[in-house]
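This is what each chain is made of:
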Amino acid sequence: MQRQAIVRTFQLPGVAVLMALAMSLSGCGVNNIPTYEQSAKAAWSEVLNQYKRRAELIPNLVNTVKGFAEQERKVLTEVVEARAKATQVQANIPSDVLTNPDAMKKLQDAQNQLGGALGRLLAVIERYPDIKSGQNFLALQSELAGTENRISIARRDYIESVRVYNTELKTIPGRWWKSFMYPTAKEMATFEVPTESTKTPKVEF
């Protein structure tokens, strides 16, 4: 009994040291890398969610504006084709897209093409007052405008989250923690947002 009491006596300081060490580590950034990584992944999920929302609105928009003259139907074709490409690329995103700059660029190129095609479509609608004043079009135009705003915000938030995460991997003490505890952590890919793609497509009334 006395021996067990002695052992417990020596164990208690050891446990206290371990607890103190754990608390000190938690205060010096040991959890920053996984925390920032999860924040960036969450921001990326929101980007994809808004891309999906935009793609889902396009078929209804195309149906609403089918009254175009024959020579202007090519803008509808461009939108439909750009949507199909963007949807296919998004459906086949590789699992390492966040650390794969080439895959990220491919996805963004497809989405930028779709955004450009939508902008041209909305410009053509200006020539058709009957279409642009219709209730169905007005509702869709409002939804698209809101979605484009959300895409811009989601992109901005993702870029910022990646900046914070990548900076943590490159600077001290994050670089040390990466070496000791997170050796498989990789920098995340980001993207440049063209100025024109941050503008919400609008129809002037």
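These numbers come from a predicted model, not from an experiment.

**Structural notes on the side chain of Gln 50**
Then, number 1: Here Gln 50 lies in helix H2 (residues 32–64).
Then, number 2: Not counting chain neighbours up to four residues away, the residues in contact with Gln 50 comprise Thr 147, Arg 150, Ile 151 and Ala 154.

**Let's talk about the packing of aromatic side chains**
Then, number 1: The tally for this structure, following the rule as stated, stands at one aromatic pair.
Then, number 2: Residues Trp 44 and Tyr 158 carry aromatic rings whose centres are separated by 5.0 Å and whose planes lie at 50 degrees to one another, so their mutual orientation is tilted. With Trp 44 in helix H2 and Tyr 158 in helix H6 (residues 135–170), this residue pair connects regions lying 114 residues apart in the sequence. In this pair, the class of Trp 44 matches that of Tyr 158, namely buried.

**Let's talk about the nonpolar core**
Soluble, globular proteins show a tendency: their nonpolar side chains are buried together.
Then, number 1: The biggest cluster of nonpolar side chains holds 50 residues, and the ones touching the most others in it are Trp 44, Val 65, Phe 68, Leu 121, Ile 125 and Tyr 158.
Then, number 2: At the level of elements, H2, helix H3 (74–91), helix H4 (101–125) and H6 are the ones that each hand at least two residues to this core.
Then, number 3: If we ignore the near neighbours within four places in the chain, the residues touching Ile 125 are Val 65, Phe 68, Ile 131, Lys 132 and Phe 137.

**Considerations on the confidence of the model for the protein chain**
Then, number 1: Within the protein chain, residue pLDDT values average 82, and 79% of them lie at 70 or more.
Then, number 2: Between the elements of the protein chain, mean pLDDT differs from a low of 48, seen in helix H1 (residues 2–26), to a high of 94, seen in H2.
Then, number 3: Between residues 15–26, whose pLDDT stays under 50, and residues either more than four places distant or in other chains, the model counts three contacts.
Then, number 4: Here residues 195–205 scores under 50 on pLDDT; set against residues more than four positions off or in separate chains, the count is 24 contacts.

**With respect to the environment of Arg 150**
Then, number 1: For Arg 150, the position within the fold is in helix H6.
Then, number 2: Separated by 99 residues in sequence, Arg 150 and Tyr 51 place their C-alpha atoms 9.4 Å apart.
Then, number 3: If sequence neighbours within four positions are ignored, Arg 150 has contacts with Gln 50, Arg 53 and Glu 143.

**Here's the deal with the packing of H2 against H3**
Then, number 1: Two elements in contact, H2 and H3, have axes separated by 10 Å at closest approach and are oriented at 150 degrees. Of the possible angle classes, the one that applies to H2 and H3 is roughly antiparallel. When the axes of H2 and H3 are compared, the crossing they make is left-handed. On H3, the residues touching Leu 48, Tyr 51, Lys 52, Ala 55, Glu 56, Ile 58, Pro 59 and Val 62 of H2 are Leu 76, Val 79, Val 80, Arg 83, Thr 87 and Gln 90.
Then, number 2: Class assignment of the residues belonging to the contact of H2 with H3 gives a composition of nine nonpolar, two polar and three charged.

**Details of a nonpolar patch on the surface**
Then, number 1: Together, Ile 172, Trp 176, Phe 180 and Met 181 line one region of the surface with nonpolar side chains, adding up to about 480 Å² of accessible area.
Then, number 2: Taking relative accessible area as the criterion, Ile 172 reaches 44% and is therefore assigned partly exposed.

How each quantity is defined
- Think of each chain on its own: its residues are numbered from 1, step by step along the sequence as written.
- Local features in this predicted model are restricted to residues whose pLDDT is 70 or higher, and side-chain atom pairs enter the listing and the counts only when it is 80 or higher, whereas totals over whole chains, interfaces and linings include all residues.
- Side-chain measures here rest on the full set of heavy atoms in the structure, leaving out hydrogens and waters.
- Labels follow the DSSP assignment, with helices taken as runs of H or I lasting at least four residues and strands as runs of E lasting at least two, numbered in each case from the N terminus.
- Between two residues, a contact is recorded if the distance between any of their heavy atoms is within 4.5 Å.
- Between 30 and 60 degrees the pair is tilted, below 30 it is stacked and above 60 it is edge-to-face, where a pair is any two Phe, Tyr or Trp rings, Trp via its six-membered ring, whose centres lie within 6.5 Å.
- Type-normalised accessible area, obtained with a 1.4 Å probe on protein chains alone, sets the label of each residue: buried when under 20%, exposed when over 50%, and partly exposed for intermediate values.
- The definition of a nonpolar core used throughout is a set of buried Ala, Val, Leu, Ile, Met, Phe, Trp, Tyr and Cys residues joined through side-chain atoms within 4.5 Å.
- Along the chain, pLDDT gives the predictor's confidence residue by residue, from 0 to 100.
- Geometry is summarised by axes, namely lines fitted to C-alpha atoms with helices restricted to the contacting stretch, and by angles between N-to-C directions that run from 0 to 180 degrees.
- Angle categories are assigned with fixed cut-offs, so that under 35 degrees is roughly parallel, over 145 is roughly antiparallel, 65 to 115 is roughly perpendicular, and the rest are oblique.
- The handedness criterion is simple: a crossing whose near helix is rotated anticlockwise from the far helix by less than a right angle is left-handed, and one whose near helix is rotated clockwise is right-handed.
- The residue classification treats Ala, Val, Leu, Ile, Met, Phe, Trp, Tyr, Cys and Pro as nonpolar and Asp, Glu, Lys and Arg as charged. All others, Gly included, are polar.
- Residues qualify for a patch when their relative accessible area is over 30% and they have no salt bridge, like charges being joined within 9 Å and the nonpolar side chains of Val, Leu, Ile, Met, Phe, Trp and Tyr within 5 Å.
- In this description, accessible areas are obtained by the Shrake-Rupley approach with a 1.4 Å probe, and a residue is regarded as covered only by the protein chains that are shown.
- Within this document, salt bridges are pairs made up of a side-chain nitrogen of Lys or Arg and a carboxyl oxygen of Asp or Glu, the two lying within 4 Å of each other.

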